[in-house]
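This is what each chain is made of:
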Amino acid sequence: MSVKDEYEAAGQAHLFYHWESLSEHEREQLLSNLARTDPLKLKECYKEAVRLVEGNVLNMDEVQPLPKGSYESVIDNSKDLNSRYESLGMEALRNGEVAVVLMAGGQGTRLGSSLPKGCYDVGLPSKKSLFQIQAERLQKLQELAGCLKPIPWYIMTSKLTRSATEEFFKKNKYFGLSEKQVRFFNQGTVPALDSSGEHLMLESRTELVESPDGNGGLYRALKNNKILEELLLNGIKHIHMYCVDNVLVKLADPVFLGYAIHHGFDVATKVVRKRDAHESVGLIVSKKHKPSVIEYYEISKELAEAIDESCGLLKLRAANIVNHYYSVALLKEKLDLWCEHMPYHIAKKKINYYDAGTNKIMKPDKVNGTKLEQFIFDVFDTIPIDKFGCLEVERSEEFSPLKNGPGSVNDNPETARLAYLRLGTKWLRNVGAHVDEGVLVEVSSSLSYNGESLGSYKGKSFHKSGEYIA
């Protein structure tokens, strides 16, 4: 059966509306693009995603906090224990056993920018982008750990952001990093369907509308781009993975690495304590005695507000920040399985599309289509709970995401900028600098990774905001 016959048999004859008027080259392009997708399998993925939603009735009795063996807090740990973890992590970094994976496929559309989100400037005195802050932090960590070779930084982009991201790094000379240690690779895409889930949509006369396959597409991207093979070849044992939009992220945090290494976890995740019982965040929990992520809207008011009597805190308080550790040995064992069996989830969206009848690109003013995406945490339940760790960290020191546009209620450029400046100012006060009340100072990410290397500012006074020290 030809590609055209296959699609027509699958109810997609509308894709060939202009077939007779297409040139031979355009016909080849259309067929080539269509050949990358099995239309029947795609529709089955949609139906399975619908069944997943319909069958996702959460039994509250099955949801519990992670057991003590899988949960720790750097806030409650002794300084000595955190230092031991840090030493283990530093040793792994120094020996070249750690790589960092950054998920940076998103655009800054909600921020009013057409550039990749990592290019965004939150308004710091230095005018640094998220990419620059993170690159400098990685370089500083290399110095602190005394790394024998540069820490590999794998940056997952998307079809929409790849070119602009690479150009941004080249223009800025990789922010002082070695060009060879930075490796760009694309996440996959999935064709979009109309709101009924029955029909594929065209972007042009010869191309389907496609969208990134979600953060869960990381696993297939690691496989298809042969990243896992590179990791194994280069002796990498540990992966730190995070999202680009967190201005406070600690790349390859040695405490987090050491925590996972010490306990022999295959997967570990960082969390922050929920602000309040009804904060709109996903939660890391034990579900049917397996590690899992549940959404805030899936649990009852009573469970959301339940108190852990042993500490007086919320019973379910581990807010997911998409900041994970993986052992490379586990990826070698599980990656193929994950790629084949991860479910898809439905996202209803407004999707621009090519209308064959009018020969125009249509820009709908209401939801008209369906995107299928995968979630990175859907593999957690394949990990034995004694091989899964969860480390709570201080929100004000490690998590301030950039998700919403200027002037929105939270998680915006203003809150990100404020969090970054407050942390640097805190570090200066901790070493004995005199910073006037209300004054905020930017400490360069190339100068300090976690408040160290600032002793020379002891006794120095800061009287006005907007200062930048590097």
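What you are looking at is a predicted structure, and each value in this text was computed from that prediction instead of being measured. (Residues numbered from 1 in each chain as written. Predicted model: local features only at pLDDT ≥ 70, side-chain atom pairs only at ≥ 80, totals over all residues. Heavy atoms only, no water.)

**Q** Help me out: how do you make sense of the packing of aromatic side chains in this one?
**A** Where two aromatic rings form a pair, the distance of their centres and the angle of their planes describe that pair. Enumeration over the complete set of coordinates arrives at 16 aromatic pairs. Members of the aromatic cluster, joined through ring pairs, are Phe131, Trp153, Phe168, Phe169, Tyr174, Phe175 and Phe184. The side chain of lysine 4 reaches across the aromatic face of phenylalanine 16, ending 5.2 Å from its centre. Positioned over the ring face of tryptophan 19 is lysine 4, at 5.5 Å from the centre of the ring. (Phe/Tyr/Trp six-rings, centres within 6.5 Å; stacked < 30°, edge-to-face > 60°. Lys NZ or Arg CZ within 6 Å of the ring centre and 35° of its normal.)

**Q** How do you make sense of the layout of surface pockets when you look at a structure like this?
**A** Rolled over the atoms, a probe with the dimensions of a water molecule shows which regions are left empty. The computed volume of the second largest pocket comes to approximately 760 Å³. In terms of lining, the second largest pocket is formed by 27 residues, of which the most central are Lys41, Cys45, Val190, Arg220 and Tyr344. Top element by residues in the lining of the second largest pocket is helix H3 (residues 39-54). It accounts for five residues. (1 Å grid on protein atoms, 1.4 Å probe; cavity = no way out; pocket = protein on both sides within 12 Å on 5 of 7 lines; lining within 4 Å. Points joined across faces, edges and corners; volume = space filled by probe spheres on them. Helix = DSSP H or I, 4+ residues; strand = E, 2+ residues; numbered from the N terminus.)

**Q** Quick question: what am I supposed to make of the domain arrangement of the chain here?
**A** Size of an interface, as often reported, equals the accessible area lost when the parts are brought together. Domain annotation for the chain reports domain 1 (37-403) and domain 2 (413-469). Here the C-alpha centre of domain 2 lies 29 Å away from the C-alpha centre of domain 1. Contacts between domain 1 and domain 2 engage 26 residues on the former and 22 residues on the latter. Across the interface of domain 1 and domain 2, roughly 2000 Å² is buried in total on both sides, 60% from carbon and sulfur atoms. On the domain 1 side of the interface with domain 2, the three residues burying the most area are Pro125, Arg137 and Lys140, jointly 25% of the side's total. Remark: the boundary between domain 1 and domain 2 carries one salt bridge. Notably, a salt bridge pairs glutamate 397 with lysine 426, separated by 2.6 Å at the nearest N-O pair. Taken together, domain 1 and domain 2 are joined by 13 residue pairs in polar contact (both at pLDDT 80 or more). Among the elements of the structure, helix H5 (130-145) and helix H12 (395-398) are those that each provide at least two residues to the side of domain 1 that touches domain 2. (Domains from an automatic or database assignment. Contact = heavy atoms within 4.5 Å. Buried area = accessible area lost by both parts, 1.4 Å probe. Salt bridge = Lys/Arg side-chain N within 4 Å of Asp/Glu carboxyl O. Polar contact = N/O pair within 3.5 Å; in protein donor to acceptor, adjacent residues only side chain to side chain.)

**Q** What exactly am I supposed to notice about the nonpolar core here?
**A** Across soluble globular proteins, nonpolar side chains show a tendency to be buried alongside one another. Leu93, Phe131, Trp153 and Phe169 are the most contacted members of the largest nonpolar core, which totals 55 residues. Each residue touching phenylalanine 131, except ones within four places of it in the same chain, is listed here: Leu102, Ala104, Gly118, Cys119, Trp153, Thr165, Phe168, Phe169, Phe175 and Val244. Leu222, Cys339, Met342 and Cys390 belong to the second-largest nonpolar core, a separate cluster that totals 40 residues. (Core = buried A, V, L, I, M, F, W, Y, C linked by side-chain atoms within 4.5 Å. Buried < 20%, exposed > 50% of the residue type's maximum accessible area, 1.4 Å probe, protein only.)

**Q** I keep staring at the pattern of salt bridges and nothing clicks. Help me out?
**A** Between side chains of opposite charge, pairing is possible as soon as their charged atoms come close. As enumerated under the stated definition, the model contains 28 salt bridges in all. Among the ionic pairs, glutamate 198 bridges to lysine 43, the shortest N-O distance being 3.3 Å. Remark: lysine 43 occurs in helix H3 and glutamate 198 occurs in the loop between strand E7 (193-194) and strand E8 (210-212); sequence separation between them is 155 residues. Lysine 43 sits in the buried class, given a relative accessible area of 14%. Note that lysine 140 is salt-bridged to glutamate 143, the shortest N-O span being 3.7 Å. Residue lysine 140 and its partner glutamate 143 are located together in helix H5, separated by three residues, close to a single helical turn.

**Q** When you look at the sheet that holds strand E19 (residues 369-373) in this model, what are you seeing that I'm missing?
**A** Across a sheet, strands are paired by hydrogen bonds formed along the backbone, either parallel or antiparallel in direction. Across the sheet, which stays open at both edges, the three strands sit in the order E7-E19-E16 with antiparallel pairing between neighbours. Here the strands that pair on one side only, and so sit at the sheet edges, are E7 and strand E16 (345-349). Alignment of E16 against E19, held across five bridges, turns out to be antiparallel. Across the sheet, lysine 348 pairs through a bridge with threonine 370, a residue of E19. Lying over the sheet, H3 contacts E7, E16 and E19, oriented at roughly 95° with respect to E16. (Pairing = 2+ DSSP bridges. Axes fitted to C-alpha atoms, helices over the stretch in contact; angles between N-to-C directions.)

**Q** Can you walk me through helix H11 (residues 328-341) in this structure?
**A** Note: α-helices contain 3.6 residues per turn, so residues at a spacing of three or four share the same orientation. Taking 1.5 Å of rise per residue, the 14 residues of H11 would be expected to cover 20 Å, and the 19 Å separating its terminal C-alpha atoms lies within 8% of that figure. Remark: the principal bend of H11, roughly 55°, maps to lysine 334. For H11, the elements touching its buried residues are helix H7 (217-224), helix H8 (227-233), strand E9 (238-243), strand E10 (267-273) and strand E15 (318-327). (Expected span 1.5 Å × (residues − 1). Bend = angle between axes of the 7 residues up to and from the residue.)

**Q** I'm lost on the pairing of strand E3 (residues 98-103) in this one. Help?
**A** In regular strands, side chains alternate between the two faces of the sheet. Of all the six residues making up E3, six are buried; the element is thus mostly covered by neighbouring parts of the structure. A two-sided burial pattern is seen for E3, the buried positions comprising Val98, Val100 and Leu102 on one face and Ala99, Val101 and Met103 on the other. Pairing analysis gives six bridges linking E3 to E9, with the strands arranged parallel. Bridge pairing in E9 places leucine 102 opposite tyrosine 242.

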